[in-house]
Amino acid sequence: MNSVFRTEELGLSYNGKAVLSGVSLEFFAGCVTAVVGPNGAGKSTLLSILAGLRRNYAGRCLFRGREVRDWARRAFAREVAFIPQTVRIEFPFTVEQVVLMGRTPYCKGLFEGPEDWEAAERAMRLTDVLELRHRDYRSLSGGEKQRAILASVLAQEPRALILDEPATFLDLQHQIAIHSLLRKLARQGMLVVTATHDLNLAAAFADRIVALRQGRVYCDSPPQEAVNAANIEAVFGVRVEVFRTPEGKPWVHYGRL
Amino acid sequence: MAVSERDHRRRFWLPLSLAAALALAALVALPLVGPARISYARALAGQSPDAEILFYARLPRVLLALLAGGALAAAGALFQALLRDALATPYTLGVSSGASLGAVIAISAGWGTLAGWPAVWLSALAGAALVLALVVGVASEGRRMSSFTLLLAGVTINSICLAGILFLQYAAGFSQSFAIVRWLLGGIDAVEYRTLAGLAAVVLLFAAYLTRQSRDWNLMAVGEEWAAARGVHVQRLMLSGYIAGSLVAGTVTSITGPIGFVGLIVPHALRLRLGADHRLLMPCSFFTGAAFLALCDTVARTAFSPAEIPVGVITAMTGGPFFIWILRSGRRSLWL
């Protein structure tokens, strides 16, 4: 398979405290990887390093064979896109303006060219926000906002998409819609890495699950192997029962509360 | 060209040309306003007293108001994007109190002129530059500079300068104290053309900087991480923006004293109407702010003529109600 990201003994310390250490992983094109783990396990840190937002990491983090911190910022932004948990915008930008910002790494002059508009329209069509293009971003519902942000990132036409808990605030319908879109993009060859708290969702749509515990990789395997009661107790410290869905995928039952 | 793209251009050029026309109209019409009636024909023919009134009393004053108003409003738009706060002003991060402290020191010490320039201006400039360097130094101390560390450093140093001004004012004699208060009120005067040329150079450089960077400021107005993930060098942009905005606000303040409200209200009101695209918002703020301050200064010098009102009083008194009207009339677009 085609390796896109490779990390070797990747680590990051914050005020002398290691939040991530000894992470050696490989990420492949066309593959959806779910990063799971309790709060503070280092998920967001790992994702922000992959997204090129923290350049002061220790160890190595290679994107297409070159150290992430050595990439020129604009060139890297044409390859890798990032979606944070929520995007709060204070000012009255329209959805269209938000989406066009995704074209920034491609634009030479002050204004977007025809291909930028085309890419933005394609992205808006893909996430179904064309109707909302002239709306103020701040007036959208949570689900519409997330779709607008996704369109902005797709307008970036990246090779790799990094998402930090993209569905946390979404209702069921939108969670499923976002994740099936991510699957579709992966089938077209995009690398998708997403942090999530929902183990059942991760088991259903990810090809691979990376579980982090206290800043280290606890396990890295396909959902069928990764999601079992012993692993979940070791990583999250809770007892659960794991069943199988009719398709044979693991399904976590959180038990009586 | 796609429909949306063409539509977009219309939405860009129409408000921009209207704002520019407004500033041009102010430049042409306002010098004619005043107790003495003058005409351009007589003034351009060099006839007395029209030529003297136009070229030595009114035109320099209108030009200073245009340059100062434009610079303050554009710097306001910049600082609001930098701090992601629609209530930020060019003065939020301390540079004008630095300039004021410098000016107050010069007034208290009774310095006259230095190399042909008023010592108050030079001292104010030095104060602004000192605060600029201090804020950048404190904000980038230790870890990475962010808009939050910048805000903390700026607000703190702002308070220290204000305390210094209060102390000097308390310690000053009666006439000096009056001069200090008058300076702190801010005001537009008929200055020499060499001063206008120097200010115009600073303001033009600033405008060129803003035009080049205005797209990146859109991304910064959303968030630092948002901008960084789209290839913007956030640290460099933030630093250059703070330095450029402070230099221009400091220079203006050194000449006019602190004039409030223009830098807050003009970009804010325009944003409500035109949206947040800084490629449009920044130049429109410049032209509208220029026209607004020139108009306010004309009112200041004519309303109770021959007495003059400090222009800062006029900007707040006319701008405030206008702003409330804009807020109340909702988000309907003014232009389209």
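Notes on the structure in this doc start here.

**A short note on the nonpolar core**
Formed by 172 residues in total, the largest nonpolar core has its most connected members in Val99 and Ile162 of chain A together with Ala68, Ala71 and Ala294 of chain B. For this core, the leading source of residues is helix H3 (residues 50–82) of chain B, giving 17 residues. Aside from chain neighbours lying at most four places away, what touches Ala68 of chain B is Ile188, Val252, Thr256, Ile259 and Leu293 of chain B.

**Some points on the environment of Tyr218 of chain A**
Residue and element names in this part refer to chain A. Tracing the backbone shows Tyr218 in strand E10 (residues 216–221). Put simply, Tyr218 and Val235 are 17 residues apart on the chain and 7.4 Å apart in space, counted from C-alpha to C-alpha. Apart from residues lying up to four places away in sequence, Tyr218 is in contact with Ala211, Leu212, Arg213, Ala234 and Val235.

**Points about the environment of Pro250 of chain A**
Residues and elements named next belong to chain A. Mapped onto the elements of the fold, Pro250 is located in strand E12 (residues 250–253). For Pro250 and Ala204, which are 46 residues apart along the polypeptide, the C-alpha to C-alpha distance reads 8.0 Å. Among residues more than four places away in sequence, those in contact with Pro250 are Ala203, Pro223, Gln224, Val227, Val242 and Arg244.

**Remarks on the environment of Cys107 of chain A**
Here Cys107 of chain A is to be found in the loop between helix H3 (95–100) and helix H4 (114–126). Note on Cys107 of chain A: 16 C-beta atoms within 10 Å, which makes it partly exposed. Through-space distance from the C-alpha of Cys107 of chain A to that of Arg74 of chain A is 9.9 Å; in sequence the pair is 33 residues apart. Once residues lying within four places of it in the same chain are set aside, the contact partners of Cys107 of chain A are Glu112 and Asp116 of chain A together with Arg215 of chain B.

**Section: the sheet that holds strand E8 (residues 191–195) of chain A**
Residue and element names in this part refer to chain A. Reading across from one edge, E6-E7-E8-E3-E9-E10 is the order of the 6 strands in this open sheet, with mixed pairing throughout. On the outer flanks of this sheet lie strand E6 (80–83) and E10, each paired with one strand and no other. Averaged over all neighbouring strand pairs, the angle between strand axes comes to 15°, with direction disregarded. Of the strand pairs in this sheet, strand E3 (residues 32–36) and strand E9 (residues 208–213) are connected by 4 bridges, and their pairing is parallel. In the strand pairing of E9, Val35 is matched with Val210. The sheet contacts of helix H6 (residues 172–187) involve E3, strand E7 (160–164) and E8, and relative to E8 the element is tilted by about 150°.

Thresholds applied
The numbering scheme is per chain: residues are counted from 1 as the chain's sequence reads. Whichever chain is written first is A, and whichever ligand is written first is 1; the rest continue in order. Local features in this predicted model are restricted to residues of pLDDT 70 or higher, and side-chain atom pairs are both shown and tallied only at a pLDDT of 80 or more, whereas totals for entire chains, interfaces and linings draw on every residue. The term nonpolar core means buried Ala, Val, Leu, Ile, Met, Phe, Trp, Tyr and Cys residues held together as one set by C-beta atoms within 7 Å. For every residue, the other C-beta atoms within 10 Å of its own C-beta are counted; 20 or more classify it as buried, 12 or fewer as exposed, and values in between as partly exposed. C-beta atoms are placed from the backbone. Strands are runs of DSSP state E lasting at least 2 residues, helices are runs of H or I lasting at least 4, and numbering of each runs from the N terminus. Remark: residues whose backbone-derived C-beta atoms lie within 7 Å of one another are considered to be in contact. For two strands to pair, DSSP has to find at least two bridges joining them. Angular values range over 0 to 180 degrees, each being the angle between N-to-C directions of two axes fitted as lines to C-alpha atoms, with helices fitted over their stretch in contact.

Scope: geometric values only; no functional claims are made or implied.
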